[in-house]
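# Coordinates in review
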Amino acid sequence: MAYRLDHIALLVRDLDESVAFLTDVLGLTEMPNPMGGTAIRWIEIGDGRRFHVQAGDISRVHVEKQTHFALSTSDFDSVLARFCRDAIPFSDMKGTPGAINTRPDGMRAIFLEDPNGYWFEINDAQG
C-alpha cells in the first residue's frame, strides 16, 4: 500500500487574518475551495500540494516550535531579504530574533509565528 500526502488542515481563530499571513507574509497563493463555500480556505504550496484553514476554537490546540510547518524555497536569500525589508519578524529555533539556523549539512532555516501561534519554517533544503 502506498500513500501520498493529500493535504493538511489547520484550525484558526480568524480566516481572513490567517489567509493574509499566508498570502501576504509567506507569499503563498489562495486557491478556489474545491468543496465550494467560504468556511474553508485553501492554500497552494506548489507542485499540487495544498492545505486548508478553517475557523474554530483553537483554545485547546497546543503548539510548540518543534511542531511546525516547513516550506523549502529555492531562493532563500531573496525570501530572507524581503522579510528583513518588510520588518517581518523571524528567528532561529532557539528564538534569537533575526537569526538563521544552519544545520551541519549546510541547510539554512528560519522560523515565523503566525497569528494563531503556529510556527512556519522556511528553509533552503534541496531534496
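Described in the following lines is the structure provided in the data block. None of the values given here were measured: they were computed from a predicted structure.

Okay, the pattern of salt bridges next. Counting across every chain of the model gives 9 salt bridges. Residue Asp77 pairs with Arg108 through a salt bridge whose shortest N-O separation is 2.8 Å. Within this pair, whereas Asp77 is found in helix H2 (residues 76–85), its partner Arg108 is found in strand S7 (residues 108–113), the two being separated by 31 residues in sequence. The partner of Arg85 in a salt bridge is Asp86, with the nearest N and O atoms 3.0 Å apart.

With that out of the way, let us pick up the packing of aromatic side chains. In total, this model carries 3 aromatic pairs according to the counting rule given. Here the aromatic cluster, defined as three or more aromatic residues joined through ring pairs, consists of Phe21, Phe51, Phe69 and Phe120.

The subject of this paragraph is the pairing of S7. Where strand S6 (residues 101–102) lies against S7, 2 bridges are found, and the strand directions are antiparallel. Each bridged residue has a counterpart across the sheet, and for Thr102 the counterpart in S7 is Arg108. Counting the residues between successive antiparallel strands, the hairpin from S6 to S7 contains 5 residues, one of them, Gly106, with a positive phi of roughly 95 degrees. Taking the residues between adjacent antiparallel strands as the criterion, S7 and strand S8 (residues 119–123) are bridged by 5 residues, where Gly117 takes a positive phi near 95 degrees.

Rules and cut-offs
All residue numbers refer to position in the chain's written sequence, counted from 1. The predicted nature of this model means local features are confined to residues of pLDDT at least 70 and side-chain atom pairs, given and counted, to a pLDDT of 80 or more, with totals for whole chains, interfaces and linings taken over all residues. Computation of side-chain values covers all heavy atoms of the structure but excludes hydrogens and water. One speaks of a salt bridge when a side-chain nitrogen belonging to Lys or Arg is within 4 Å of a carboxyl oxygen belonging to Asp or Glu. Numbering of helices and strands starts at the N terminus; helices are DSSP runs of H or I of at least 4 residues and strands are runs of E of at least 2. Each Phe, Tyr or Trp ring (for Trp, its six-membered ring) is paired with any other whose centre lies within 6.5 Å, and the angle between the two planes then decides the class: stacked below 30 degrees, edge-to-face above 60, tilted in between. When DSSP finds two or more bridges between two strands, those strands count as paired.

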